[in-house]
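# Chains, contacts and geometry: an overview
What follows is the residue order along each chain.
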Amino acid sequence: MAKPVSSAQGVPTHQGRGWAQNRTSADWLASTSNDIEWATRQEARASTSSSSRRSTGSSRQSRQALCLWLPTFELRLELVRSPELDSTSVALLSPGESTRRTVWQVSERAHASGVRPGQLVSQAVSLCTSLTLLEPDPAHYDAAVDTMLEVLTEITPVVEPAGRGRVFLGMDGLERLFGSPHRQIRRALRSLFRVFPSPLVAATRAGMAPGKFGAWVAAASARSGSPVVVPPERLRDFFARCPVGALPVDPLVISRLERLGIQTLGELRRFPEPSLVAQFGEDGKNALAWATARRIDPVRPQYRPRPIRVSLEFPTPVGMVGTLHGALDRLVERALARPARRGRSVTGVRMGAHLEGGGSWFVETVLREPTSDRERIASPLRSKMEISPPPKAVETLIVELTDFGAASTQTGLFDRTIESGRATSSLDFDQGEVPVTLRDAVKELKLRLGHSPLYRVVEVDPWSRIPERRHALLSFDP
Amino acid sequence: MSHRPRLKPLARPKVVTVRTDDHGEPLFVRLPGKTARRVAVVRERWRIDDEWWRQTISREYRTVVLDDGAVLTLYHDLLDDSWHVQRG
């Protein structure tokens, strides 16, 4: 059973007005370790990662790390959007579930009423009848993260995101530019004021130490407004009283360590490496390396290709799967036709939606092989939509091509249709093929009129009883 | 740069002026920019009540033939008592 963490050191509690405090180390880990990839990410893995981000090599790594952490980032963003909820019991629902909804993040008042992350909605509501439940809006959160990363790259080019609300900055060599570590942290936090409201920045915790693990533990032990800086010579001592729950290893390993009575990294260090490896395998070896400050993970800058994003706004919210599939096909066609995509195949794609009455929904997929074929891109997204459909009617459908590969397969060498419009025997728009002659004609019209005057009739809800819901015009702009 | 094209619905209703009898049946219809025409016959009528969960729609449709032979689909919006002509 996890025990509350000491308030003297390694205080992984959610500080600040209106937020849950005195959480257990297990809670802390649960709330933050949804992504422990930051600690285990390796060069080779990063290059094949499902993520759209890639490491760019070792030359720009940074040993000195600054971790900025905003606990319950998503819920805080929601409260910034709806400040009237700040003094009420609020819980954010977990994303991507349609049948058994569970609670994802809770405010302090809700926490005091017994509401905990992971509870079913029915349980949470029975514990706190005045609980306000909020639908998650991943699009909003991701946009906030992107803005934050953009601002932070002005401080240092070595920026490594580690899930929403947590980011590592490589600070090597910045003392000559910004001064002492505390000044560097102040500078980084000050830059966040440009994109976030002050309560959000004020709640950000900052920690600086050699390596990502040290910086993360420092940030987790810091209080809002009081950053923790750990010099290299003090790193080992600093880890001594840190709870084992801070280790970015499998939660089962943490739980076993705690059941064995090993609560802190100092206690863990007393065990010889062979016995830890025998018990926990690779995790045991890594845990000891972190605990003894032998392992220092440098911050690696991450190349984030700018996604190609297209969206379609429906005149009225749409719930019919067939209509959404049709819209998905049109959007994939549009995305593939964008000049930025040409000469590249697609390996990662994301589909999302703004939902009726607020909230958003997203599914993401990594394609089995690079392709620029509409059907091969749309098909896995349709399957994902079957498994996890949008919980409400869709107002705007979004498709993002997030990751790219080399140019298309070699068969393209012998495909002459691009070269001659006459080679296309029919106007088969379904496959996204637009004759060059038509493309040129539209280009000329756009130059002359400033917009494409051609439209395509698309089915929106062909069986609707309301005539204006059945078909619509979509701008034809290949 | 994000492209956010909006779908333009087809068959959008247009407001028309309709003079009715004591029973609410259309007698004269005046389309925008045209002279009023007498309704020769009401061919068909049906009612749509829908989307009560969003923005209620309550319409009474009629297919009418005007005295010049034109066939129109009209509906009477029961919520705001307005008349519209609609294709489709």
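Since the model is a prediction, treat every value here as computed from it, not as a measurement. (Residues numbered from 1 in each chain as written. Chains lettered and ligands numbered in written order. Predicted model: local features only at pLDDT ≥ 70, side-chain atom pairs only at ≥ 80, totals over all residues.)

Summing up its helical and strand segments, chain A has 19 helices and 16 strands in all. When the 478 residues of chain A are sorted by exposure, 40% land in the buried category. By sequence separation, contacts in chain A at least 24 residues apart represent 61% of the contacts at least 6 residues apart. (Helix = DSSP H or I, 4+ residues; strand = E, 2+ residues; numbered from the N terminus. Buried ≥ 20, exposed ≤ 12 C-beta atoms within 10 Å, placed from the backbone. Contact = placed C-beta atoms within 7 Å.)

A few words on the overall build of chain B. Along its length, chain B carries 0 helices and 7 strands. Ordered by position from N to C terminus, the α and β elements of chain B give β-β-β-β-β-β-β. The burial tally for chain B puts 15% of its 88 residues in the buried class. Considering only contacts within chain B whose residues lie at least 6 apart along the sequence, 31% involve residues at least 24 apart.

Taken together, the contact pairs 17 residues of chain B with 20 residues of chain A. Among the residues forming the side of chain B that touches chain A, the class breakdown is 8 nonpolar, 4 polar and 5 charged. As paired strands, strand S16 (residues 471-475) of chain A and strand S1 (residues 8-9) of chain B are joined by 2 bridges and run antiparallel to one another. Among the inter-strand pairings, Ala472(A) is bridged to a residue of S1(B), identified as Pro9(B). (Nonpolar A, V, L, I, M, F, W, Y, C, P; charged D, E, K, R; others polar. Pairing = 2+ DSSP bridges.)

Turning our eyes to something else, we now look at the confidence of the model for chain B. Any residue range with low pLDDT should be treated as having predicted coordinates unsuitable for detailed reading. All names here are of chain B. Taken residue by residue, chain B gives an average pLDDT of 89. The fraction at 70 or more is 93%. S1 is the least confidently modelled element of chain B, averaging 87 in pLDDT, while strand S7 (residues 82-85) averages 95, the highest of any element. Here the predicted complex carries an ipTM of 0.88, next to a pTM of 0.62. (pLDDT = per-residue confidence, 0-100.)

Quick look at the environment of Ala91(A) now. Relative to the elements of secondary structure, Ala91(A) occurs in strand S3 (residues 90-93). If near-sequence neighbours (up to four positions away) are discounted, Ala91(A) is found in contact with Val103(A), Gln105(A), Val106(A), Ala110(A), Val115(A), Ala124(A), Leu131(A) and Leu133(A).

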